[in-house]
Amino acid sequence: MRTTSNPAFRNLPRSGYGNYAGFPQGGPAPYGAAPYQQAGAAGRPMTIDDVVIRTAVTLGLAIVTGALTILFHAWVLALPAFVVGLVLSLVIIFRRTPNPALVLTYAAAEGVVLGAITGLFNRIYPGIAFQAILGTFGVFIAMLIVYKTGVVRVTPRFTRWVIGATVGAVVVMFADLILHLFGANLGIRSGSPLSIVFSLLVIGIAAFNLLLDFEQADQMIRNGVPARWAWFAAFGLMVTLVWLYLEILRLLSYLQRN
């Protein structure tokens, strides 16, 4: 199967930049100390088509379970599904495993959670779910074009900046959650103008994370890792797209509320 058969990922940059997820040019490097084998020792090499197909299957499964959750009003499954998804994501991240069963189970669990959240928001703000889906798709396409054209180059410095910004945003959100338990907050989730600015900032950070995901997949392909690692690339894209969708959904709710 040729790596250029899918037009959405055709002519990806071959800059040699980027060090995301431990795939620098010239061979695997330690990022979590995972021993990535070359394809010659473990099956055929990964291609763009592998990434596209695995990502489509993963997202498709999440969409199906989310739709079923909304259709049957299975809101009670949201909390256990969230716990399952969280545990599986940690296992996949820290074990750095391309196990398709784990990735697909994670996708199914996340679909249930997204279905419950989407159903709730759509009841309060009719039509908001469709707008959030369009917004997520638009950002994905825009960042893919940015990556393909090389407008933003994923250098090691850029990667460190994005990871630092991501960690910072997560810390702020976690701090706000802790304060909520004591009846206080930072004002970043109250629907105020500050909340809108913060959501826009987080959407921007999530969008830049998509560039890291594209670079990760590209580096894996250039280094000839086995095809099964396409599941790991699909997992990374899934995590980023879920985060992006939820933040766009939240932003739209602020705008409609105001």
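Since the model is a prediction, treat every value here as computed from it, not as a measurement.

A few points about the pattern of salt bridges
Moving on, step 1. Enumeration according to the criterion identifies five salt bridges in this entry.
Moving on, step 2. A salt bridge links Glu-247 to Arg-189; the shortest N-O distance between them is 2.7 Å. On the criterion of sequence distance, the pair formed by Glu-247 in helix H7 (residues 230-257) and Arg-189 in the loop between helix H5 (156-181) and helix H6 (193-222) is long-range, its members being 58 residues apart.
Moving on, step 3. Its relative accessible area of 19% is what places Arg-189 among the buried residues.
Moving on, step 4. Across the salt bridge formed by Glu-215 and Arg-222, the nearest N and O atoms sit 3.6 Å from each other.
Moving on, step 5. You can call Glu-215 buried: its relative accessible area is 2%.
Moving on, step 6. Residue Arg-222 is classed as partly exposed on the basis of its relative accessible area, which comes to 24%.
Moving on, step 7. Taken together, the shared-partner salt bridges connect Arg-44, Asp-50 and Arg-54 into one network.

Description of unusual backbone geometry
Moving on, step 1. A positive phi angle, close to 50°, is found at His-73, a residue other than glycine.
Moving on, step 2. Structurally, the position occupied by His-73 is in the loop between helix H1 (48-71) and helix H2 (78-95).
Moving on, step 3. Judged by relative accessible area, His-73 falls into the partly exposed class, the value being 48%.

Concerning the environment of Leu-194
Moving on, step 1. Examined against the element boundaries, Leu-194 turns out to sit in helix H6.
Moving on, step 2. When near neighbours in sequence (up to four residues on either side) are disregarded, Leu-194 contacts Leu-186, Gly-187 and Ile-188.

Concerning the environment of Met-220
Moving on, step 1. Assignment of secondary structure puts Met-220 in helix H6.
Moving on, step 2. For the pair Met-220 and Ala-230, spaced 10 residues apart in sequence, the C-alpha to C-alpha distance is 8.6 Å.

So, the nonpolar core
Moving on, step 1. Membership of the largest hydrophobic core comes to 59 residues, with the highest contact counts inside it found for Met-46, Val-51, Leu-210, Leu-211, Phe-214 and Leu-244.
Moving on, step 2. Mapped onto this core, the elements with two or more residues apiece are H1, H2, helix H3 (100-124), helix H4 (128-149), H5, H6 and H7.
Moving on, step 3. For this core, the leading source of residues is H7, giving 17 residues.
Moving on, step 4. Ignoring sequence-local partners within four residues, the contact set of Met-46 consists of Val-51, Ala-217, Met-220, Ile-221, Val-225, Pro-226, Ala-227, Trp-229 and Ala-230.

Here's the deal with the packing of H4 against H6
Moving on, step 1. It is the contact of H4 with H6, at a shortest axis distance of 9 Å, that shows an interaxial angle of 55°. Judged on the interaxial angle alone, H6 and H4 are oblique. The way H4 lies across H6 gives a crossing that is right-handed. Between H4, through Val-139, Phe-140, Met-143, Leu-144, Val-146 and Tyr-147, and H6, the contact on the second element is made entirely by Ala-207, Phe-208, Leu-210, Leu-211, Phe-214, Glu-215 and Asp-218.
Moving on, step 2. Considered class by class, the residues forming the contact of H4 with H6 number 11 nonpolar, no polar and two charged.

Regarding H1
An α-helix turns once per 3.6 residues; consequently, residues spaced three or four apart project the same way.
Moving on, step 1. An ideal rise of 1.5 Å per residue puts 34 Å on 24 residues; H1 measures up with 34 Å between its terminal C-alpha atoms.
Moving on, step 2. Of all the residues in H1, the buried ones are Ile-48, Asp-49, Asp-50, Val-51, Val-52, Arg-54, Thr-55, Thr-58, Ala-62, Thr-65, Gly-66 and Thr-69.
Moving on, step 3. In this structure, the buried residues of H1 make contact with H3, H6 and H7.

Remarks on H3
Moving on, step 1. The end-to-end C-alpha separation of H3 is 36 Å, in line with the 36 Å expected for 25 residues at 1.5 Å each.
Moving on, step 2. Residue Asn-99 occupies the N-cap position of H3, its side-chain oxygen lying 2.9 Å from the main-chain nitrogen of Ala-101.

Cut-offs used in this document
- Residues numbered from 1 in each chain as written.
- Predicted model: local features only at pLDDT ≥ 70, side-chain atom pairs only at ≥ 80, totals over all residues.
- Heavy atoms only, no water.
- Salt bridge = Lys/Arg side-chain N within 4 Å of Asp/Glu carboxyl O.
- Helix = DSSP H or I, 4+ residues; strand = E, 2+ residues; numbered from the N terminus.
- Buried < 20%, exposed > 50% of the residue type's maximum accessible area, 1.4 Å probe, protein only.
- Contact = heavy atoms within 4.5 Å.
- Core = buried A, V, L, I, M, F, W, Y, C linked by side-chain atoms within 4.5 Å.
- Axes fitted to C-alpha atoms, helices over the stretch in contact; angles between N-to-C directions.
- Parallel < 35°, antiparallel > 145°, perpendicular 65-115°, else oblique.
- Left-handed = near helix turned anticlockwise from the far one by under 90°.
- Nonpolar A, V, L, I, M, F, W, Y, C, P; charged D, E, K, R; others polar.
- Expected span 1.5 Å × (residues − 1).
- Polar contact = N/O pair within 3.5 Å; in protein donor to acceptor, adjacent residues only side chain to side chain.

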